[in-house]
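# A closer look at the structure
What follows is each chain in one-letter form.
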Amino acid sequence: MSATSPIIRIDPARIIDEVDPRIYSGFTEHMGRCIYGGIYDPENKSGLSDERTGFRKDVMEALKALKIPIVRYPGGNFVSTYRWQDGVGPRELRPRRPELAWLTEESNQFGTGDVH
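The rules behind each value
Numbering of residues begins from 1 in every chain and follows the order in which that chain's sequence is written. For this predicted model, a pLDDT threshold of at least 70 governs which residues receive local features, and a threshold of 80 or more governs which side-chain atom pairs are given and counted, while totals over whole chains, interfaces and linings are taken from all residues. The side-chain quantities take in all heavy atoms of the structure and omit both hydrogens and water. Salt bridges, as used here, are contacts in which a Lys or Arg side-chain nitrogen is within 4 Å of a carboxyl oxygen on Asp or Glu. Partly exposed residues are those whose accessible area sits between 20% and 50% of the maximum for their type, while under 20% is buried and over 50% is exposed, using a 1.4 Å probe and protein chains only. To define a nonpolar core, start from buried Ala, Val, Leu, Ile, Met, Phe, Trp, Tyr and Cys residues and group those joined through side-chain atoms within 4.5 Å. Contacts are assigned to residue pairs that have any heavy atoms within 4.5 Å of one another. Strands are runs of DSSP state E lasting at least 2 residues, helices are runs of H or I lasting at least 4, and numbering of each runs from the N terminus. Nitrogen and oxygen atoms within 3.5 Å of one another constitute a polar contact, given that in protein one can donate a hydrogen and the other can accept it, and given that sequence-neighbouring residues count only through two side-chain atoms.

### Points about the pattern of salt bridges
- Summed over all chains, the structure comprises six salt bridges.
- Its salt-bridge partner being R56, residue D58 comes within 2.7 Å of it at the nearest N-O pair.
- Judged by relative accessible area, D58 falls into the partly exposed class, the value being 35%.
- Judged by relative accessible area, which is 12%, R56 ranks as buried.
- Here R96 makes a salt bridge to E105, at a shortest N to O gap of 2.6 Å.
- Salt bridges sharing common partners tie together D41, R56 and D58.

Next comes the structure, spelled out in structure tokens:
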């Protein structure tokens, strides 16, 4: 063995630093019913949605139980053509746009300005 050969030593008892829990996060996007009818469902007839925000109470409780530190929005393919400006301001003034990732129309009723 040469004196210049690298050596790797593993010491499981040596702690360098804490792992930031925010690395265990997630994201949400508009695939299927993830957003409309999933997280956000203001027209829910079963009383599952918060009357003020339109967010599904049962979904919010499930997410809280998972203790996910951060849920990034938008995420996935949806982020590639999303214009954050379209998701802020009064909902009735938000533009509808073609949604190219899933070949649908995006109403922007759920948006980046909806954090409560």
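Back to the text.
### Focus on the nonpolar core
- Ranked by size, the top nonpolar core spans eight residues in total: I35, I39, Y40, F55, Y73, F78, Y82 and F110.
- Excluding residues within four positions of it along the chain, Y82 makes contact with Y73, P74, G87, N108, G111 and T112.

### A short note on the side chain of N44
- In this structure, N44 sits in the loop between β1 (26-27) and α1 (57-66).
- In this structure N44 comes out as buried when scored by relative accessible area, which is 19%.
- Within the structure, N44 has its side chain in polar contact with the backbone nitrogen of L48 (distance 3.2 Å).
- If we ignore the near neighbours within four places in the chain, the residues touching N44 are S49 and R56.

### Some remarks on unusual backbone geometry
- Put simply, Y73 and P74 share a cis peptide bond, and its omega is -5°.
- By secondary structure assignment, the location of P74 is in the loop between β2 (71-72) and β3 (97-99).
- Here K67, not a glycine, exhibits a phi torsion of approximately 55°, which is positive.
- With respect to the helices, strands and loops of the structure, K67 is situated in the loop between α1 and β2.
- Even without being glycine, N108 reaches a positive phi, approximately 60°.
- Counting through the fold element by element, N108 comes out in the segment after β4 (104-106).

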